[in-house]
Amino acid sequence: MEFNVKKLASDAGVFFSRAMQFTEEKLGQAEKTELDAHFENLLARADCTKNWTEKILRQTEVLLQPNPSARVEEFLYEKLDRKVPSRVTNGELLAQYMTEAANDFGPGTPYGKTLIKVGETQRRLGAAEREFIRSASINFLTPLRNFLEGDWRTISKERRILQNRRLDLDACKARVKKAKAAEAKAAAEHELRLTQTEFDRQAEVTRLLLEGISSTHVNHLRCLHEFVESQTNYYAQCYQFMLDLQKQLGSSKGEIFSGTFVGNAESTSPAAAPSPPAAAAAATLPAVPTIPVVPTVVGVPNTVAEGVLNPSEVKPPTSGTRRARVLYDYEAADSTELALLADEMITVYSLPGMDPDWLIGERGNQKGKVPVTYLELLS
């Protein structure tokens, strides 16, 4: 490459003259061409748009990928123009571990079955998270990056050119004032007219670009709506997945715990002679954390044993009631059930012949069947 000394010297001269001109303007010793108020407002609006777009972009990247090392890796792949490798989400990794653990513990055991159910839900959550990240990246992050790396770079370039044109114009104005001879003054005025024309042309180009910020806001507004829609769908999917899992675990919780405790009691206790049903029930009762069954309840029809309950006909027993805290909201399926709200306190008790997964719950004058798995029984 040929080293051009003259060009280097010329550029250095321009740099020092501009630096001196800036210093004189700051000290009030040199004239400065001011832009109109509307143009200044456009400049301020553009700078504000650029600064907030950068902050929103960076924080959205943190939201989608909290791991800083992973963000740096993705940034390097992007700068190298290479495809970012597929990364397993935390939910999918947890699902893999749970499935492998279930296979080791035995997929037919209560713990193994539950691990498989929870692992499948975690896998679905991880897949939903992956889709949300992909959608947010395409519909929201990419337009913001395109503005910063495209439109804003063009605006910045034209603003620098306009700044140089203004400095040239002010320098020409200063030369016209300093010119004494008629010939020198005429040459300076001619140069001033040419410089003024170039400045006006560049100001108009920059103004048009700055006015385009309004359309940028409209585009970003549309992208923001799409981002919110993607996030709404993602959280709705997560809620539905967890609701389904909660129902699956709730329906099998009584069976699993009963099978576990009774099975352990049978395997550890020595063989004994057959005993009457009442004695066998009394022997196994302490091993299962259930509410004692009241032998007789006055006023309860025989239909209770068949699973049909009329709350208005049920009278609470004189003993065997307990207080319970509701763990989750529960919507009653029919008039025989009692709707529940999380964290409220109710009174519960059991009736002869009832399904062990259900209890009678009372709240004031309201009563009905409630699922055991939605309650925390208090002493």
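Residues numbered from 1 in each chain as written. Predicted model: local features only at pLDDT ≥ 70, side-chain atom pairs only at ≥ 80, totals over all residues. Heavy atoms only, no water.

> How should a nonpolar patch on the surface be read in this particular structure?
A grouping of Val 88, Leu 93 and Tyr 97 is seen on the molecular surface, where their side chains present a nonpolar patch of about 280 Å² in accessible area. Under the relative-accessibility criterion, Tyr 97 is labelled partly exposed at 49%. (Patch = residues over 30% accessible without salt bridge, like charges linked within 9 Å, V, L, I, M, F, W, Y side chains within 5 Å. Areas by Shrake-Rupley, 256 points an atom, 1.4 Å probe, with all protein chains shown as cover. Salt bridge = Lys/Arg side-chain N within 4 Å of Asp/Glu carboxyl O. Buried < 20%, exposed > 50% of the residue type's maximum accessible area, 1.4 Å probe, protein only.)

> Any chance you could explain the nonpolar core here in plain terms?
Proteins that are soluble and globular tend to have nonpolar side chains buried together. If you look at the biggest cluster of nonpolar residues, it comprises 32 residues, and the most contacted ones within it are Phe 132, Phe 140 and Leu 210. Breaking this core down by element, the ones donating at least two residues are helix H2 (37–64), helix H5 (110–178), helix H6 (182–211) and helix H7 (213–268). Leaving out residues up to four positions away in the same chain, Phe 132 has contacts with Leu 64, Phe 227, Ser 230, Gln 231 and Tyr 234. Membership of the second largest hydrophobic core comes to 11 residues, among which are Val 326, Val 348, Val 370 and Tyr 374. (Core = buried A, V, L, I, M, F, W, Y, C linked by side-chain atoms within 4.5 Å. Helix = DSSP H or I, 4+ residues; strand = E, 2+ residues; numbered from the N terminus. Contact = heavy atoms within 4.5 Å.)

> I tried to follow the pairing of strand E4 (residues 366–371) on my own but got confused; where do I start?
Remark: a regular strand shows side chains that alternate across the two faces of the sheet. Here 6 bridges tie strand E3 (residues 358–363) to E4, and the two strands are oriented antiparallel to one another. Paired with Gly 361 across the two strands is Gly 368, which belongs to E4. Connecting E3 to the antiparallel partner E4 that follows it, the hairpin turn spans 2 residues, and Gly 364 within it adopts a positive phi of roughly 65°. (Pairing = 2+ DSSP bridges.)

> Just to check I follow, could you spell out the environment of Ser 335 for this structure?
In this structure, Ser 335 sits in the loop between strand E1 (322–326) and strand E2 (345–349). For Ser 335, a relative accessible area of 67% puts it in the exposed group.

> Looking at this structure, how should I read the sheet that holds E2?
Strand pairing in a sheet takes place through backbone hydrogen bonds and is either antiparallel or parallel in direction. One open sheet accounts for 5 strands, arranged E4-E3-E2-E1-E5; its pairing is antiparallel. A single partner strand is all that each edge strand has here, and the edge strands are E4 and strand E5 (375–377). On average, each strand axis in the sheet is inclined to that of its neighbour by 40°, with strand direction left out of account. Here 3 bridges tie E2 to E3, and the two strands are oriented antiparallel to one another. By the bridge assignment, Val 348 is partnered in E3 with Gly 361. (Axes fitted to C-alpha atoms, helices over the stretch in contact; angles between N-to-C directions.)

> Looking at this structure, I do not really get the packing of H2 against H6. What am I missing?
Two quantities define a packed helix pair, namely the angle between the helix axes and the distance between the axes. One can describe the packing of H2 onto H6 by two numbers: an axis separation of 10 Å at closest approach and a directional angle of 50°. In terms of axis orientation, H2 runs oblique to H6. Between H2 and H6 lies a crossing whose hand is left-handed. Contact residues: H2 offers His 38, Phe 39, Leu 42, Leu 43 and Ala 46, while H6 offers Ala 203, Thr 206, Arg 207, Leu 210 and Glu 211. The residue makeup of the contact of H2 with H6, split by class, is 6 nonpolar, 2 polar and 2 charged. (Parallel < 35°, antiparallel > 145°, perpendicular 65-115°, else oblique. Left-handed = near helix turned anticlockwise from the far one by under 90°. Nonpolar A, V, L, I, M, F, W, Y, C, P; charged D, E, K, R; others polar.)

> How do you make sense of unusual backbone geometry when you look at a structure like this?
For residues other than glycine, phi is negative in most cases, and the peptide bonds are mostly trans. Phi is positive for Asp 343, which is not a glycine, with a value near 75°. In this fold, Asp 343 is placed in the loop between E1 and E2.

> How do you make sense of the pattern of salt bridges when you look at a structure like this?
Oppositely charged side chains may form a pair once their charged atoms are brought near each other. Overall, the coordinates contain 17 salt bridges when judged by the stated rule. A salt bridge links Glu 204 to Arg 207, with the shortest nitrogen-to-oxygen separation between them at 3.9 Å. Note that Glu 204 and Arg 207 are positioned in helix H6 at a spacing of 3 residues, about one turn of the helix. Accessibility expressed as a relative area gives 19% for Arg 207, which makes it buried. The salt bridge involving Lys 367 is made with Glu 362; its shortest N-O contact spans 3.5 Å. One network of salt bridges, in which partners are shared, links Asp 36, Glu 204 and Arg 207.

> Would you take a moment to explain H2 for this structure?
Taking 1.5 Å of rise per residue, the 28 residues of H2 would be expected to cover 40 Å, and the 40 Å separating its terminal C-alpha atoms lies within 8% of that figure. Listed as buried for H2 are Phe 39, Leu 42, Leu 43, Ala 46, Thr 49, Thr 53, Leu 57, Thr 60, Glu 61 and Leu 64. Where H2 begins, the capping side chain belongs to Asp 36, and its oxygen is found 3.1 Å from the backbone nitrogen of His 38. (Expected span 1.5 Å × (residues − 1). Polar contact = N/O pair within 3.5 Å; in protein donor to acceptor, adjacent residues only side chain to side chain.)

> I would appreciate a short explanation of the side chain of Thr 33 in the present structure.
Its location among the elements puts Thr 33 in the loop between helix H1 (5–26) and H2. Only 2.4 Å separates the side chain of Thr 33 from the side chain of Asp 170, close enough to count as a polar contact. Polar side-chain contacts of Thr 33 include one of 3.0 Å to the side chain of Lys 173. Beyond its immediate stretch of four places on either side in the chain, Thr 33 contacts Arg 166, Leu 169, Asp 170, Lys 173 and Phe 199.

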